[in-house]
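# Per-entry structural report
If you want the building blocks of each chain, they are given just below.
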Amino acid sequence: MPQTVDVSNLYISYYGKEVIKNVSFSLQTGKLVGILGPNGAGKSTLMKAMLNLIPRDGGEVTLGGQPLTSMRKKIAYVPQRSNIDWDFPIIVKDTVLLGTFPTLGLLRWPKKRDREWALECLRKVGMEQFMHNQIGELSGGQQQRVFLARALAQKAEYFFLDEPFVGIDVASETVIIDILKSLRDEGKTVFVVHHDLSKVESYFDDLILMDKELIGCGPVDDVFRPELMQEAYQIPFPMLGKLGVGM
Amino acid sequence: MEFIHDLIAYEFLQRAFVTSIVVGIICGVIGCFIVLRGMALMGDAISHAVLPGVAISYMLGINYFYGAIVSGILTALGIGVINQNSRVKNDSSIGLVFSAAFALGIILITIAKSATDLTQILFGNVLSVRASDMWLTVAVGAIVLLAVLLFYKELLVSSFDETMAAAYGLKTRLIHYSIMVLLTLVTVASLQTVGVILVVSMLITPASTAYLLTNRLSTMIGLAMFFGALSSMIGLYVSFLYNLPSGPVIALATTSIFLLAFLFSPRQGVLGRKLKINKRRMAVGK
C-alpha cells in the first residue's frame, strides 16, 4: 500500500482570528505538490503547521503514517527569502553545511565527509563557483539555489519550500524546478507554496487549493479547473483562461 | 613602562588586569550573538535590570551575583511576556521593562543607604576588584566560553535561520533564554570593570567592529574577543595613568577601535567604498 501524507481537521488561529479552518486532506507520498491560494489564504501557515512550527487549535498531521515529532530529521524546509538576514556573516559553502547539522546532532562537528557532501549539493544547484561569497552578495535566484542546496544536504524525505520562485531569474527557476522534479522521481515528497498560476500544470503533480478552508485537493487536472479556481481567487472565468486554467 | 613595573608590584593592579581582560573576552563572544540576533537593546536592558537584584542581595547580605542573576532573568522573561501578549513592539517592551527595573534598583539602593556602592555599580571601579570577584569573573568566563564552544552549531543555525532550527527540532525558545542567562552572567561579571551603564559598549562595540571585518561567524567571535581584551588593556592603562574612571575609558577605547574599522575596513569601510566608487566614476569618465 502506498504511503500518504495526512492532515485531518486542522484549525489554526492567530490571536483568536481563524486562519485555517477545518482543513483535511490525504495525498500520496512521492509527489510534487503545489499549495495554491490567494494572498492571506493561509498557505504558508499550512506549511508551518505541517512542520509543527506554530501552535494549532486542533488537528493531526502525519507523514507516511508517522507523527511529525518522530520525522523531524527527515524534513527539509526552505523559508521565504524575506525571512533571512542576508547580512549575516556566513559564506555560501557554510550555509549549505548547515544542512548536515540535523543528522550530526549535539556535540558533534562536521567532518571532511560532511563538507564534501555539502559541496556536492552546491554543485547540484550549479553554485560551486560562489562557494566563498558572503550570501548577501548573491542575486535572489542564486540565494534561493543555495538554500535548496542546504535542503538537499539534509538528505530529507520530505521537502517544504515557501514561495521559492518569488522574485528570481528564469535560469534559477529552471534549475530549481528540475531539481524538485528529480527529487520527486527519487520518491521524495515535495511541497511548494506557489502563486504564479501560469506554470502550475507543468510544475506539479498534485495541488492543494485553499482559501482558509480547503477548496480542492488532488491531481492537477482535477483541481486546476475554472469553478474551483474561481471559488478560491474570486476572479471571473475569462481571466482564468488567460492564466492557463484548463476548461 | 612604569605601568608594567606597577603591574608586577601591586596585586590590586594584577587583579584589575586579569578581570578586565576576561570581561573584554566574554563580552566580545556574547556580544556577537547579541548583535547578530538584533538584541543590542536587550543587552542594555539586562545590564540595567540587574540593579534591583544587586540591591536586594546587598540588603540580605548575600553575594550580589545571585540577586543579579534572578533579576536579569526575570527581566528577560518579562520582556518576552509583554512582547508576545500585546501589540507593543519589541523595542518598546524592552525599554518599558528595563527602565522600571532600573528605577526600582536605584530606589532600593538608596533605601539600603550605600551611596558609594551605587556609583561603583553604575560606572565600575576596576581598581577595587577583590580576589573573590576576580575568580567569579574567571568562572563566568569559563562557563560562557565552554557553552559557546559546545553549542556553537546550534547557536549559529538558530541565530541565522531560526525557522530551520525549529523545523529540525532545536528548542529555539530554550536557546533564546540560555543566551539571556549567559548575557546576565556576563553583565554581572562586568559590573566592577565597566559598570551597569557602560556594559553595553563592551557587548556591542567590539562585536560590531568585528562584524565590519569578516564574513565568518567564527572569525567574528575571535576578533570581537581580541578587540574586547585590547580595549580593556588600553582602558586600564589610560585610567591608571591619568587617574580616570575605568568604565568610561574602556568604553571610549572600544569606540576608537570601532571608528578605525568603520573608516578603514577593506570591504565595509567608508574610505574603501568611497575609493571604489571614485575609481568606477573615473573609469566611466574616460
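Residues numbered from 1 in each chain as written. Chains lettered and ligands numbered in written order. Predicted model: local features only at pLDDT ≥ 70, side-chain atom pairs only at ≥ 80, totals over all residues. Heavy atoms only, no water.

As annotated in an unreviewed UniProt entry, chain B carries the name Manganese transport system membrane protein MntC and is attributed to Paenibacillus aceti. Looking at chain B in UniProt, the text filed under Sequence similarities (unreviewed entry) is "Belongs to the ABC-3 integral membrane protein family." (UniProt positions renumbered as here; feature names shortened; annotations may be inferred.)

The name recorded for chain A in an unreviewed UniProt entry is Manganese transport system ATP-binding protein MntB, from Paenibacillus aceti.

## Remarks on the pattern of salt bridges
Residue and element names in this part refer to chain A. Considering all chains together, one arrives at 11 salt bridges over all chains under this definition. A salt bridge links K188 to E157; the shortest N-O distance between them is 3.4 Å. Here the residue K188 occupies a position in the loop between α6 (170–185) and β8 (189–193), and E157 occupies one in the loop between α5 (140–153) and β7 (158–162), the gap between them amounting to 31 residues. On the basis of relative accessible area, E157 is assigned to the partly exposed category, the value being 32%. (Salt bridge = Lys/Arg side-chain N within 4 Å of Asp/Glu carboxyl O. Helix = DSSP H or I, 4+ residues; strand = E, 2+ residues; numbered from the N terminus. Buried < 20%, exposed > 50% of the residue type's maximum accessible area, 1.4 Å probe, protein only.)

## Some words on the pairing of β8(A)
Residues and elements named next belong to chain A. With respect to burial, β8 is a largely interior element, five of its five residues being buried. Covered by surrounding structure in β8 are T189, F191 and V193 together with V190 and V192, the residues of both alternating faces. Both strand β3 (residues 32–36) and β8 contribute to a ladder of four bridges, which runs parallel. Paired with V33 across the two strands is F191, which belongs to β8. (Pairing = 2+ DSSP bridges.)

## Some thoughts on the domain arrangement of chain A
Residues and elements named next belong to chain A. Parsing chain A into structural domains produces domain 1 (1–71 + 157–173 + 183–247) and domain 2 (84–156). Between domain 1 and domain 2, the C-alpha centre-to-centre distance is 26 Å. Opposite the 11 residues of domain 1 that make contact, domain 2 presents 11 residues. Here domain 1 and domain 2 share an interface that buries about 730 Å² over both sides, 61% of which is from carbon and sulfur atoms. Scanning the region where domain 1 abuts domain 2 turns up zero salt bridges. Put simply, domain 1 and domain 2 have two residue pairs in polar contact (both at pLDDT 80 or more) between them. For the side of domain 1 that touches domain 2, the elements supplying multiple residues, two or more each, are β7 and α6. The biggest single contributor to the side of domain 1 that touches domain 2 is β7, with three residues. When the residues that make up the side of domain 1 that touches domain 2 are grouped by side-chain class, the tally is six nonpolar, one polar and four charged. (Domains from an automatic or database assignment. Contact = heavy atoms within 4.5 Å. Buried area = accessible area lost by both parts, 1.4 Å probe. Polar contact = N/O pair within 3.5 Å; in protein donor to acceptor, adjacent residues only side chain to side chain. Nonpolar A, V, L, I, M, F, W, Y, C, P; charged D, E, K, R; others polar.)

## Observations regarding the pairing of strand β10 (residues 213–219) of chain A
Here six bridges tie strand β9 (residues 206–211) of chain A to β10(A), and the two strands are oriented antiparallel to one another. In the strand pairing of β10(A), M210(A) is matched with L214(A).

## Comments concerning the interface of chain B and chain A
Residue-level contacts link 25 residues of chain B with 33 residues of chain A. Among the residues of chain B in contact with chain A, K153(B), F160(B) and Y168(B) are the three that bury the most area, contributing 30% of the side total. Inspection of the region where chain B meets chain A yields two salt bridges. The residue D161(B) makes a salt bridge to R150(A) at a minimum N-O spacing of 2.7 Å. Mapped onto the side of chain B that touches chain A, the elements with two or more residues apiece are α7 (131–150), α8 (152–160), α9 (162–167) and α11 (217–242) of chain B. Looking at which element gives the most residues to the side of chain B that touches chain A, the answer is α8(B), with seven residues.

## Comments concerning a positive patch on the surface
Residue and element names in this part refer to chain A. A cluster of basic residues, R108, K111, R113 and K155, forms a positive patch on the protein surface. Counting through the fold element by element, R108 comes out in the loop between α3 (101–104) and α4 (112–124). Relative accessible area serves as the criterion here: at 41%, R108 is assigned to the partly exposed category. (Patch = residues over 30% accessible without salt bridge, like charges linked within 9 Å, V, L, I, M, F, W, Y side chains within 5 Å. Areas by Shrake-Rupley, 256 points an atom, 1.4 Å probe, with all protein chains shown as cover. Lys, Arg positive; Asp, Glu negative; His and termini not counted. Charge placed at Lys NZ, Arg CZ, Asp CG, Glu CD.)

## Topic: the side chain of T19(B)
Residues and elements named next belong to chain B. Assignment of secondary structure puts T19 in helix α2 (residues 11–36). Owing to a relative accessible area of 2%, T19 belongs among the buried residues under this scheme. Other than its neighbours up to four places away in sequence, T19 contacts V129, M134, T137 and T193.

## Structural notes on the packing of aromatic side chains
In total, this model carries 11 aromatic pairs over all chains according to the counting rule given. Centroid distance F147(A) to F160(B): 6.1 Å. Interplanar angle 40 degrees. Geometry classified as tilted. With one member in each of two chains, F147(A) in helix α5 and F160(B) in helix α8 form a pair that bridges those chains. F147(A) sits in the buried class, given a relative accessible area of 3%. What makes F160(B) buried here is its relative accessible area of 3%. Each ring, one from F160(A) and one from F191(A), has its centre 5.2 Å from the other, and the planes form 15 degrees; the classification is stacked. Within this pair, whereas F160(A) is found in strand β7, its partner F191(A) is found in strand β8, the two being separated by 31 residues in sequence. In textbook terms, an aromatic cluster arises when at least three aromatic residues are bridged by ring pairs, as seen for W86(A), F88(A), F147(A) and F160(B). Sitting over the ring of W117(A), K155(A) keeps its end group 4.8 Å from the ring centre. Across from the ring centre of F101(A), 5.7 Å away, lies the NZ or CZ of K153(B), which sits over that ring. (Phe/Tyr/Trp six-rings, centres within 6.5 Å; stacked < 30°, edge-to-face > 60°. Lys NZ or Arg CZ within 6 Å of the ring centre and 35° of its normal.)

## Quick look at the sheet that holds strand β6 (residues 75–78) of chain A
To summarise the sheet geometry, strands pair through backbone hydrogen bonds and adopt either a parallel or an antiparallel arrangement. Residue and element names in this part refer to chain A. One open sheet accounts for six strands, arranged β6-β7-β8-β3-β9-β10; its pairing is mixed. Each edge of the open sheet carries a strand with a single partner, namely β6 and β10. The sheet shows a mean angle of 15 degrees between the axes of neighbouring strands, taken without regard to direction. The sheet contact formed by β6 and β7 spans four bridges and is parallel. Across the sheet, V78 pairs through a bridge with L161, a residue of β7. This element, helix α9 (residues 226–233), spans β3, β9 and β10 of the sheet and lies at about 40 degrees to β9. (Axes fitted to C-alpha atoms, helices over the stretch in contact; angles between N-to-C directions.)

## Concerning α7(B)
Residues and elements named next belong to chain B. An ideal rise of 1.5 Å per residue puts 28 Å on 20 residues; α7 measures up with 29 Å between its terminal C-alpha atoms. For α7, the full list of buried residues reads D133, M134, T137, V140, G141, V144 and V148. Along the long axis of α7, the arc covered by the buried residues comes to 125 degrees, so they all point the same way. Of the exposed residues in α7, those oriented more than 90 degrees away from the buried face are W135, L146 and L149. For α7, the secondary structure elements touched by its buried residues are α2, α4 (64–85), α8 and α10 (172–211). (Expected span 1.5 Å × (residues − 1). Arc of directions from axis to C-beta.)

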